[in-house]
Amino acid sequence: MSEIENPNALVTALHVDDVAPMEVALGIVRRRLTGTEYARAWLIDFAPGSQWPEVDVHATEERYYVLDGEVIEGSDRYGAGTYVVFAPGSRHRPRTETGARILGISLLPTT
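Residues numbered from 1 in each chain as written. Predicted model: local features only at pLDDT ≥ 70, side-chain atom pairs only at ≥ 80, totals over all residues. Heavy atoms only, no water.

### Concerning the packing of aromatic side chains
Here a ring pair, both rings aromatic, is described through the centre-centre distance and the interplanar angle of the planes. Counted under the stated rule, the structure contains two aromatic pairs. For the ring pair F46 and W52, a centre distance of 6.3 Å and an interplane angle of 55° mean the geometry is tilted. Judged by relative accessible area, which is 6%, F46 ranks as buried. Ring centres of Y64 and F86 lie 5.9 Å apart, and the angle between their planes is 40°; this geometry places the pair in the tilted category. Residue Y64 is found in strand β7 (residues 62–73), and its partner F86 is found in strand β9 (residues 83–86); the two are separated by 22 residues along the sequence. Both residues of the pair, Y64 and F86, belong to the buried class. (Phe/Tyr/Trp six-rings, centres within 6.5 Å; stacked < 30°, edge-to-face > 60°. Buried < 20%, exposed > 50% of the residue type's maximum accessible area, 1.4 Å probe, protein only. Helix = DSSP H or I, 4+ residues; strand = E, 2+ residues; numbered from the N terminus.)

Right, dumping it as structure tokens:
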């Protein structure tokens, strides 16, 4: 992963294409982006007809932005440009018919 660090160490930047993709399930690839002690981020590519392998349950808030394609959550359809926020305690299992790319952020528990 090629990261560019600001000399003051308060900013980290990377190009997502430099992050190695990891297969989550058939047709679903995730790139884990730089995180902090407060949140983690990821980019996920869904092939047409794919579905997240299990129900995703959230202890903290999670959000994602649909960059391309369409994500289906139950009976709701979210196209490119849609910002989706899941409250703590929520659960979902995203799928797609057309394929999709999403950028997500999960907040981490604070102590």
